[in-house]
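Observations on chain architecture
Below are the chains, spelled out letter by letter.
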Amino acid sequence: NGGGKGGRGALIVLEGLDRSGKSSQCARLLSFLEGKGCATEGWRFPDRDTSVGKMISAYLANESQLDDRTIHLLFSANRWEKRSLMESKLLGGTTLVVDRYSYSGVAFSAAKGLDIGWCKAPEVGLLAPDLVIYLDVQPEKAAERGGYGGERYERVEFQKRVAEHYHSLRDLTWKVVDGSLPMETVEEQLRELAMNCISECQDKHLTNLTW
Ligand code: TMP
Ligand code: MG
């Protein structure tokens, strides 16, 4: 915890469309924080290593078919199965930089036409992030970056609908960063947001998502 004594770690979430640069920025932020001597771990959802995560991964690779609500609940279950570890890491002073969280869960499922309220319900009670950074990139621009891996959801028309739902989920606590800026500029903004968050959350209790 950056040399602080006994403070808890921060729960920092990065959100954005596929190819918005989240994963690269998470890695850069992680090594920056580690360099500062801050106890930090990089997490991501879906966590494809668990048995639930393997089902999700097969679905995304189009190797299995699942009903829309079923896969939604699996994504949520994948967060629930990590909740207690997440809590103990944070209370133990480790900051978590998390690539996607409940907002992905809601935005992607709602983009299929599922009711937003229904999508939010299973997320209630998961840990609330201290900071949500949304990497804002136009769907067309993200698609132009190439490297859509051919997974389910990696189509520009679908990503446009996801972007609209992300937009409706934004609240005052979100920090929107222009993801089309040069990588180093984005990186610099994330560093500042993360450092402020880590020092501010030391005296704040962990809370649950309410929605
Ligand atoms: P990834 O590319 O970050 O590994 O995520 C895989 C896909 O899963 C991505 O298109 C976003 C989607 N997704 C959901 O639909 N619901 C969720 O809860 C999460 C975490 C991701
Ligand atoms: Mg992806």
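Since this is a predicted model, take the numbers as computed values, not measurements. (Residues numbered from 1 in each chain as written. Chains lettered and ligands numbered in written order. Predicted model: local features only at pLDDT ≥ 70, side-chain atom pairs only at ≥ 80, totals over all residues. Heavy atoms only, no water.)

**As for the sheet that holds strand β2 (residues 40–44)**
Spatially, 5 strands are ordered β2-β3-β1-β4-β5 in an open sheet, and the strand pairing comes out parallel. For this open sheet the edge positions go to β2 and β5 (174–178), each flanked by a neighbour on one side alone. Averaged over all neighbouring strand pairs, the angle between strand axes comes to 20°, with direction disregarded. In this structure, strand β1 (residues 11–15) lies alongside strand β3 (residues 95–99), joined through 4 bridges in parallel fashion. (Pairing = 2+ DSSP bridges. Helix = DSSP H or I, 4+ residues; strand = E, 2+ residues; numbered from the N terminus. Axes fitted to C-alpha atoms, helices over the stretch in contact; angles between N-to-C directions.)

**Comments concerning helix α8 (residues 156–169)**
With 14 residues, α8 should reach 20 Å at 1.5 Å per residue; the first-to-last C-alpha distance of 20 Å fits that figure. Three or more residues of α8 are buried, namely Phe 158, Gln 159, Val 162, Ala 163, Tyr 166 and Leu 169. Seen from one end, α8 has its buried residues packed into an arc of 145°, which puts them on one side. Opposite its buried face, α8 presents the exposed residues Glu 164 and Ser 168, each directed more than 90 degrees away. (Expected span 1.5 Å × (residues − 1). Buried < 20%, exposed > 50% of the residue type's maximum accessible area, 1.4 Å probe, protein only. Arc of directions from axis to C-beta.)

**Brief notes about the packing of helix α5 (residues 102–110) against α8**
Relative to each other, α5 and α8 sit at 130°, their axes nearing to 8 Å. As summarised for this structure, α5 and α8 are arranged oblique, according to the angle between their axes. For the element pair α5 and α8, the recorded crossing hand is right-handed. Where α5 approaches α8, its residues Tyr 103, Ser 104, Val 106, Ala 107, Phe 108 and Ala 110 are matched on the opposing element by Phe 158, Gln 159, Val 162, His 165, Tyr 166 and Leu 169. (Parallel < 35°, antiparallel > 145°, perpendicular 65-115°, else oblique. Left-handed = near helix turned anticlockwise from the far one by under 90°. Contact = heavy atoms within 4.5 Å.)

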